[in-house]
Structure formats: structure tokens, C-alpha cells
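# Observations on the three-dimensional arrangement
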Amino acid sequence: MSRTTQVQNVTINPKVSIQDDFWGRYIRLVQEVVIPYQYEALHDRVPEAEPSHAIANFEIAAGRREGEFHGFVFQDSDVAKWLEAVGYALAIQRDAELERQADEVIDLVGEAQQADGYLNTYFTIKEPGKRWTNLNDCHELYCAGHFIEAAVAYYEATGKPKLLDIMRRMVDHIASVFGPEEGKLKGYDGHQEIELALVKLYRLTGEEKYLKLAGFFIDQRGQQPHFLQEEWEKRGKINFWSGKTDSLDLSYNQSHVPVREQNEATGHAVRAVYMYTAMADLAALTGDEKLREACERLWNNIEEKQLYITGGIGSTHHGEAFTFDYDLPNDTVYAETCASIGLIFFAQRMLRLTPDARYAEVMERALYNNVLGSMAQDGKHYFYVNPLEVWPQACSCNPGKHHVKAERQGWFGCACCPPNVARLLTSLNQYVYTVHGDTLYTNLYIGSELSTKLGGAEVTIKQTSSYPWEGHISLEVNPAPGATAEFGVALRIPAWSTGMKITVNGKAVAMNEEIEQGYRIIRREWQAGDVIEIRLPMEAHLVFAHPQLREDAYKAAIQRGPLVYCLEGVDNGEPLSSISLSADSGFSERFEETLLGGAVVVETSGLRVNPSGWNGGLYGRTKAPVEPVPVQAVPYYLWGNRGSGEMKVWIAEGRS
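Every chain is numbered independently, its residues counted from 1 as its sequence is written. In keeping with the model being predicted, local features are shown solely for residues with a pLDDT of at least 70 and side-chain atom pairs are shown and tallied solely at 80 or more, while totals for entire chains, interfaces and linings include all residues. For the side-chain quantities, the full set of heavy atoms in the structure was used; hydrogens and water were omitted.

## Quick look at the overall build of the protein chain
For the record, the criterion: Every helix listed is a DSSP run of H or I at least four residues long, and every strand listed is a run of E at least two residues long, numbered separately from the N terminus. Atoms counted for the radius of gyration: C-alpha only. Globule rule: 2.2 Å times residue count to the power 0.38. Three labels apply to residues, based on accessible area from a 1.4 Å probe with only protein chains included: buried if under 20% of the type maximum, exposed if over 50%, partly exposed otherwise in between. The Shrake-Rupley method, run with a 1.4 Å probe sphere, supplies the accessible areas, and residue values consider only the shown protein chains as cover. When charges are counted, Lys and Arg are positive and Asp and Glu negative, with His and the chain ends excluded. Where a charge lies is defined by one atom per residue type, namely NZ (Lys), CZ (Arg), CG (Asp) and CD (Glu).
Along the backbone of the protein chain there are 18 helices and 26 strands. Here the protein chain has a C-alpha radius of gyration of 25 Å; the compact-globule value for 656 residues is 26 Å, and the two agree. With the C-alpha coordinates aligned to their principal axes, the bounding extent of the protein chain is approximately 75 × 75 × 50 Å. Taking all 656 residues of the protein chain together, 60% fall into the buried category. Counting only carbon and sulfur atoms, one obtains 48% of the accessible surface of the protein chain, whose full area is about 25000 Å². When the 62 basic and 87 acidic side-chain charges of the protein chain are each reduced to a single mean position, those positions are 1 Å apart.

Right, here's the structure in full:
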């Protein structure tokens, strides 16, 4: 089985190891704290956390204990994502004790598998006679997809085939139930996931049947007669979650029209980007231009009209969903962590299709802000929802804002996000570079070492980065001893930076030449010890929103490098709504070593409403006076780590 696959001259997952001061800290946090903590949480051994029941369900399904199924119908997926994160962690560094724990969990999963290959604890324990009867609501294929991803990651890390064999039996069972053949279900899951997982299984094994099954699920979606509609009607229009219903919203799970006809991101945000990821995978593997064009349309709609400045997607908690173009509220936002992670998956696959820096820009935005900000610095508390404005009292007293939390939670009954963060951070090495033909595209400026074949020679490239606090990056290029090789190194020109400078062995590179889709291409015959130096000015600056983005009219956000900044009440006093930025006021910056592991703090001057000058009534004809006030902003990803308080990303500008 090959661990490196070339598809249409694109190298999938070249060997990369992260060696970065900033991200190394978080990867170690996942290895040393997050994965062990989540292991205990899955076993219901964290007193302050909501019980998971996930492992208990497998023990019941395996016959090791008696009991009833507890938790959500998709509870199995939490175990799968934990195992996937373990696989990536073991690929970084083998750990005998962690491997033993994972092997024991895998043994348990194997015992819970049914004789025909079926694997799902809910339907095994609670409704064994209702398999595959409610694909719209019950996530059977979704859970299978996460276990397939876990099986691939664990096999690649350890070479142990047990979980892989379990899931290949499950996929064989699925293929006996679903497909275009007579007597099989022409259906697909209400929550996309298995499609992208099957592509991973195909890339690992090379077996075409897995690719064909992924394509079947994608192609069948949205076709008439609508499978999910017919299924719902057969159930007497009963919804698993809400009982008897009058209608079924097919756009919620992107099954309203065939995928190649979809133009706007709609419905549940996580489902959408998981599906778009699989579509991009299939477009790359099959050369399907209609699928590629649909991916580009959907990407453009998200990037240009439905993306938060922090890299979050999904505007409403009603269905955890997209709403409509330019509807991006800050205080009732959803921006689920899993949705941003799915967006990063989609961006990575689009980069494999086309090396365009705009995909890497969004990847970077989501990674450094929404995703990183979802986890507390202790690795044990998480945000499911990632707001851009928080008033704690409103979160607790206003029913419309109950989904927004002012402090990260220890765990969730629906705990999809914490293990998703763990699996992303431990697989971060897969997102740094893309190789197209004989050109290496640098998507993320993260300290790392890459080994791959370029220009016919084995090449090692060591990247050193001072990101995100400073914009000094170097890449040392080393073809195999005694060899020289001609190939291209493409360096992303960040959209947020002005005045990027590049040298090769100390000689300046012209920045107005060889620019392709946001990358500066350097093509030459490389020799051992050649060094590329990059200087990226990282000045704090204001960002403004599109005029149709009503929520942010007459407001500005602060950004420095890839990091979006915010105001917190602990630094600026409350209410933050009374603060505005002074017109034409500059910024000062300082590295604060004592701030949560160290961070650059941005300071400026502003104005604050003086409530003592108000007339005393609820409304009046005269504005309250304002007074000068210093303003301090911190990176958004750090907010909420110093106790409960107000937070605000978009700030009123130029009040007088």
C-alpha cells in the first residue's frame, strides 16, 4: 500500500514534519494533554465534563456489559475522531502507552462489529431492525466515514491493519446495500462525510471500488426522485429529532439539486464543506470539469459573501447553517469549529486542483483564528460556537444568544469539535505544501522539514519561520548529496502584507516577475545549501467590510499578519460598545511575554462614551460626551482565557 500518491501530477501528502515554535507548542499540547484528556472524557472519567457514553456504547454493543444506548445517534464518531488524532500523533512520535490504549479501543470496536460487517452502536443496541431506514437524520454513513478516516490514519502511522480490516468489511457491507444496481438503495447520508473518507481509502489501497462508491454517493445526491424525500414519506413524515413534520428542507443537507448544479453554499455548514471537499477530491481524480466548476462556484460564494473575518462559516444557530449573502451577524453567529475545519479541508483539496493562493489565504485565516481560538490554552476547554462579539449577560439571559458562550466548556454532549481540533492539529504537516509537477507551493509559513522528489532528484527543504509574530522566513534547499536539480519553489504572497521581499543566497529577487495566482515562482537549478529568505512586513492595520455587510457598517477590525485582533473587557473596561477608534490614529505594538504564552499586543487611541454626562433617561436628544481612552487589542485566538467578560472584533470607527 502506497503512502504517497500522484494524481494528475499532484503529489498527495509529501513527507513533512512540523518544527515550529508557535505550532509545535499546540501540537505538543494535543499530544500531551488533549488526546489523554479526551480519552478520559470518552470513558466518562472527567468529573466536571458532561458524560460522553461513547466507549460505554461500544462496550454494550460488544456484549461486555449490559445497558442502554446513551448520547446522540452519532456518538460513535467521537471515538473515531479520537482514534484518527491518535494515528496522526503516533506518526509524529511513537508512544507505546498511547498505542496500547488505541489498540484496546480498536479491539472493542471490532467486537462491536456485526457478523455482516455492519458497525454502529445506536442501531445495534437500540433499533437493530431499523438499519438504513433514516439516512436523513441518523448519520450511519457519517459515522462510518469517520472510522474509515481513523483506519487510514492509524494504518499509515503504525502499519497495524486491524481497524483498516474492520472498516473494509464495513465498506463491503455498505456496497452491498447502496449502489446503482437493481435492488440496492439509491441513497446517500443526510450528513456528508463518507464520501471524502472513501477517497482516502482509495488513495491508500488503490482499489477502484472505493472511488466508485464515493462517486455514487456524490452523483446520486439531489437527483429526482429525491431519495431522502421518499424515505421521509415512507416513515410517515417522522423526523428523528422533532417527530411529525410538515415539510423536509432538502437544502439543509445540500440534496435539493444535483451537486454539479449548486451555485451557493446553503444549509448546514459542516455538511456542506465536507461534501465540497469530496467533490474537489473526485474532480482531481477523475478530471470531471463540471464537478471542478461547481467547486469553484461554491468556493467563490463562501469566500466572497459568506465568510467571517476570523475564517468562520455558518451564520445562524438555527440548523448551524449558512443563511444568505452578506448576512454575517457578530453576536448571534454560529461559526462552528467543525465548519472551519471542514473549510480548511476544502481549501486543501482546491489547492490540489489549482495552486491558487486565495485558497491558502482562507486556510490560514481559519487556522490561526477560528480554529485555534476554539481551544483554551489548557487544552481542556472548548468553544463549539465562535462569536465575534460577546456580552456575557446577554448569553445567559437572552434566549436568542444561549448558544453563544462567554467561556469555553469542558466537554459537550455533542462533542464533535474537540476531537476534530485534535485531528487537525496533529495532521497539520499535510497542509503546509502542495506539489504540482516539479513545483513546490508553499501555502503556509510554518517551520517544517519536507522530503520529496522534485526535478528528478530527492530534495529536502527546511523551512524556518518566526510566524505569526514576525515575518522572517527562510527555506534551505538541499538536493540529495552530489545532485543538482532544476525545479520551482512557489512562495505565497499573503494578501494582508505589503512590501514582501525575497532573496536567494543573499541576492534580491524581483517581485514583479514570475507571479502566478498569488505565488512568486522561483525556478532555477538548485544546489545543496541554497537559501531563500523572505521578509514580510507585519504591521497592524484596519480592515473594513463590504458595504453590503450591514452588521459591520461604520466599523473596523484590526489585523496583524494572519491574526485578527479583538478587544476584551479585561483590558479596556466595559461596555466595549462605548469605545470607538480615533480617526487616523496609528498603532503601536509590543510583545507581551506574560500574556498566555506570549503574544504581540496592539495598542492605539480611541474614544469612550462618558456615561456621567448622560441626561439620566433611557433616551434623550443630546449625545453623551466622549473622552480619549487608550485601546488595547489582543489576538482573537486568545480571547476568553482570562475569565468571563466582553469581547468585540468589529469596533466603531471615528466617533466624535
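After that view of the structure, there is still more to cover.
## Observations regarding the layout of surface pockets
Cut-off, in case you're wondering: Cavities and pockets were defined on a 1 Å grid built over protein atoms only: a cavity is a set of grid points that admits a 1.4 Å probe from which the probe cannot escape, a pocket is an open set flanked by protein on both sides within 12 Å along at least five of seven lines, and lining residues are those with an atom within 4 Å of any such point. Grid points are joined across faces, edges and corners, and a volume is the space filled by probe spheres set on the points. Amino acids outside the nonpolar list (Ala, Val, Leu, Ile, Met, Phe, Trp, Tyr, Cys, Pro) and the charged list (Asp, Glu, Lys, Arg) are all regarded as polar, and Gly is one of them.
Size it by volume and the largest pocket reaches roughly 730 Å³. As for the largest pocket, its lining consists of 28 residues, of which K15, V16, A91, I92 and N429 are closest to the centre. Among the elements that line the lining of the largest pocket, the one with the most residues is helix α3 (residues 76-92), at 5 residues. A class-by-class count of the residues in the lining of the largest pocket yields 13 nonpolar, 11 polar and 4 charged.

## Some points on the pattern of salt bridges
How we decide: Basic side-chain nitrogens of Lys or Arg form a salt bridge, by our definition, when they fall within 4 Å of a carboxyl oxygen of Asp or Glu.
All told, the structure shown has 42 salt bridges when counted by the stated rule. Here R45 makes a salt bridge to E40, at a shortest N to O gap of 2.8 Å. Classification of R45 by relative accessible area gives partly exposed; the value is 43%. Note that E111 is salt-bridged to R64, the shortest N-O span being 2.8 Å. One end of the pair, E111, is in helix α4 (residues 96-112); the other, R64, is in the loop between α2 (54-61) and α3, with 47 residues separating them in the sequence. One network of salt bridges, in which partners are shared, links E84, E149, K200 and R423.

## Concerning the packing of helix α8 (residues 162-177) against helix α10 (residues 208-220)
Using the following cut-off: Fitted lines through C-alpha atoms give the axes, limited to the stretch in contact for helices. The angle between two N-to-C directions lies from 0 to 180 degrees. Working definition: roughly parallel below 35 degrees, roughly antiparallel above 145 degrees, roughly perpendicular at 65 to 115 degrees, and oblique for all remaining angles. Handedness of each helix crossing follows the sense of rotation of the near helix against the far helix: counterclockwise by less than a right angle gives left-handed, clockwise gives right-handed. Contacts were defined at the residue level, with two residues in contact if any of their heavy atoms lie within 4.5 Å.
Running from N to C, α8 and α10 point in directions that differ by 50 degrees, and their axes come no closer than 11 Å. By the angle between their axes, α8 is oblique relative to α10. For the crossing formed where α8 meets α10, the hand is left-handed. Along the contact surface, α8 presents R168, V171, D172, I174 and A175, while α10 presents K209, Y210, L213 and F217. Per-class residue counts for the contact of α8 with α10 are 6 nonpolar, no polar and 3 charged.

## Considering the pairing of strand β19 (residues 555-560)
As a reminder, the rule being used: A pair of strands is considered paired only if DSSP assigns at least 2 bridges between the two.
Where burial is concerned, most of β19 is hidden: 6 out of the 6 residues are buried. Where burial is concerned, the two faces of β19 agree: the one with K555, A557 and Q559 and the one with A556, I558 and R560 are both buried. Pairing geometry for strand β18 (residues 541-543) and β19, over 3 bridges, is antiparallel. Across the sheet, residue L542 finds its bridge partner in β19, namely I558.

## Considering the packing of aromatic side chains
Our working rule: Aromatic pairing here means that ring centres of Phe, Tyr or Trp (its six-membered ring) are within 6.5 Å. Orientation follows from the plane angle: under 30 degrees is stacked, over 60 is edge-to-face, and everything else is tilted. Counted as over-ring charges are cases with an Arg CZ or a Lys NZ within 6 Å of the ring centre that also lie within 35 degrees of the ring normal.
Under the defined criterion, the tally for this structure stands at 34 aromatic pairs. Between Y122 and F123, the aromatic rings sit 4.9 Å apart at their centres with planes inclined by 85 degrees, giving edge-to-face as the arrangement. Judged by its relative accessible area of 2%, F123 is buried. Both rings, one in W299 and one in F346, keep their centres 5.2 Å apart while their planes meet at 65 degrees; by these two values the pair is edge-to-face. With a gap of 47 residues between them, W299 in helix α13 (residues 289-305) and F346 in helix α14 (residues 337-353) connect regions that are remote in the sequence. With respect to class, W299 is no different from F346; both count as buried. One residue, R408, lies across the ring of W639, its end atom 6.0 Å from the ring centre.

## Digging into helix α12 (residues 269-286)
For clarity, the threshold we go by: Between the first and last residue of a helix there are one fewer steps than residues, each counted as 1.5 Å, and that sum is the expected span.
Here α12 spans 26 Å end to end across 18 residues, near enough to the 26 Å set by a 1.5 Å rise per residue. Counting buried positions along α12 yields 17 of 18 residues, so the element is predominantly enclosed.

## Description of the sheet that holds strand β14 (residues 507-508)
Pairing between the strands of a sheet is mediated by backbone hydrogen bonds and can be parallel or antiparallel. Here we have 7 strands laid out as an open sheet, ordered β3-β9-β10-β11-β17-β13-β14, and antiparallel in their pairing. Both outer strands of the open sheet, β3 (15-18) and β14, are each paired with one neighbouring strand and no more.

## Re the packing of α3 against α4
For the pair α3 and α4, the least separation of the axes is 11 Å and the interaxial angle reads 145 degrees. As for how α3 packs across α4, the hand of that crossing is left-handed. Of the residues in α4, those touching α3 at V79, W82, L83, V86, A89 and L90 are L98, E99, Q101, A102, V105 and I106.

These figures come from the coordinates and say nothing about function on their own.
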